[in-house]
Amino acid sequence: VIGGTRGIGRGVVEASLESGARVTLAGSSQQSADKAVSSIKAEYNSAAEYPATQHLVGLGCDLSSQDTAERALDDLLARAADLNGEIDHVVYTAADSLSLGDLQAVTPELALKAAHMRFLVPVLVGKVVERHLRGKGEGKGGEGDNGGKKRGDKSLILTTGSIASKPTPGWSIIAYFAGGIKACEYLFFSFLALLPLLLFVCSFILSPVIHLPTLPS
């Protein structure tokens, strides 16, 4: 769970642990990841009731630089697989603080800064995931062998905001990015072939809606 130290990502981590999944959460630094892991383990302190918490791993992943973000994602997924086993699902919920306000205050610098975590990094996540969510013994065609899982058993989940379909004054640029993530679901679904992709849309009151992509003809 990339962005799993707090907010929606933290909720995904906790729900996954309650379902018995092995979870690796990623924060913007190792310190933030370690703090989240300690907090979650303290909250779920019954190893008998929640055995999956024993396998919870926290990793730092600094995605702030466009020059190193792809390498950081590659390293993150490689380390997660080494520490916690084959990766089945990747959830992206990471974001930085909003840096845009009224349209008249927008500058190219501010717009590009806001685009980094809301456009560039999600695209890089899709690119890197294609390399890491291939099952054991699986070639580019997506077929597994030797007991390995096929890509149809794996998934990529992106998150965006309902602002894309419910515009709010002062949020026009952010709405543009949010709508772009929805467009990416169809691109990724086609590009990643057998890999299911879900889009998790969150409103201001955190009412989630899951949008399943339509199979391309």
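Attention in this report is confined to the structure presented alongside it. Residue positions are given per chain, counted from 1 along the sequence in the order it is written. Only residues with pLDDT of at least 70 get local features here, since the model is predicted, and only at 80 or more are side-chain atom pairs given and counted; chain-wide, interface and lining totals rely on the full set of residues. Side-chain figures throughout are based on the complete set of non-hydrogen atoms in the structure, without hydrogens or water.

### Overview of the packing of helix α1 (residues 7-18) against helix α2 (residues 30-43)
Note the cut-off: To obtain each axis, a line is fitted to C-alpha atoms, and for helices this fit is confined to the stretch in contact; angles are then taken between N-to-C directions over 0 to 180 degrees. Going along the chain from the N terminus, every DSSP run of H or I of four or more residues is numbered as a helix, and every run of E of two or more is numbered as a strand. Comment on the angle field: the value is read as roughly parallel under 35 degrees, roughly antiparallel over 145, roughly perpendicular from 65 to 115, and oblique elsewhere. Left-handed describes a crossing in which the near helix is turned anticlockwise from the far one by less than a right angle; the clockwise case is right-handed. In what follows, a contact means two residues having at least one pair of non-hydrogen atoms within 4.5 Å.
At their nearest, the axes of α1 and α2 sit 12 Å apart, and the two run at 45° to each other. As summarised for this structure, α1 and α2 are arranged oblique, according to the angle between their axes. The two elements α1 and α2 meet at a crossing, and its hand is right-handed. Here α1 contributes Arg10, Val13, Glu14 and Leu17 to the contact with α2, which in turn contributes Ala36, Ser39, Ile40 and Glu43.

### Quick notes on the layout of surface pockets
To be explicit about the condition: Whether a set of points on the 1 Å grid over the protein atoms alone is a cavity depends on a 1.4 Å probe fitting there but being unable to get out, while an open set qualifies as a pocket with protein on both sides within 12 Å along at least five of seven lines; lining residues are those with an atom within 4 Å of a point. Grid points are joined across faces, edges and corners, and a volume is the space filled by probe spheres set on the points. Polar here means any residue other than Ala, Val, Leu, Ile, Met, Phe, Trp, Tyr, Cys and Pro, which are nonpolar, and Asp, Glu, Lys and Arg, which are charged; Gly is therefore polar.
Each pocket or cavity is described by its volume, and for the largest pocket that value is around 1,200 Å³. The wall of the largest pocket is formed by 44 residues, among which Thr93, Ala94, Ala95, Asp96 and Arg118 lie closest to the centre. Going through the elements one at a time, α1, β1 (24-27), α2, α4 (108-132), β4 (155-161) and α5 (172-191) are the ones with two or more residues in the lining of the largest pocket. Grouping the constituent residues of the lining of the largest pocket by class yields 21 nonpolar, 17 polar and 6 charged. The space that makes up the second largest pocket amounts to roughly 450 Å³. A per-element tally of the lining of the second largest pocket places helix α3 (residues 69-84) first, with 5 residues. Split into classes, the residues belonging to the lining of the second largest pocket amount to 14 nonpolar, 5 polar and 3 charged.

### Some details on the pattern of salt bridges
Worth spelling out the cut-off: Every case where a carboxyl oxygen of Asp or Glu lies within 4 Å of a side-chain nitrogen of Lys or Arg is listed as a salt bridge. Type-normalised accessible area, obtained with a 1.4 Å probe on protein chains alone, sets the label of each residue: buried when under 20%, exposed when over 50%, and partly exposed for intermediate values.
Here the structure, examined in full by the defined rule, presents 9 salt bridges. A salt bridge links arginine 10 to glutamate 14; the nearest nitrogen and oxygen atoms lie 2.7 Å apart. In this pair, arginine 10 and glutamate 14 are both assigned in helix α1, 4 residues apart and thus about one turn of the helix distant. Of the charged contacts, one joins lysine 154 and glutamate 86 as a salt bridge, the two residues approaching to 2.7 Å between their closest N and O atoms. Of the two residues, lysine 154 sits in the loop between α4 and β4 while glutamate 86 sits in the loop between α3 and β3 (89-92), which places them 68 residues apart along the sequence. Residue glutamate 86 is classed as partly exposed on the basis of its relative accessible area of 31%.

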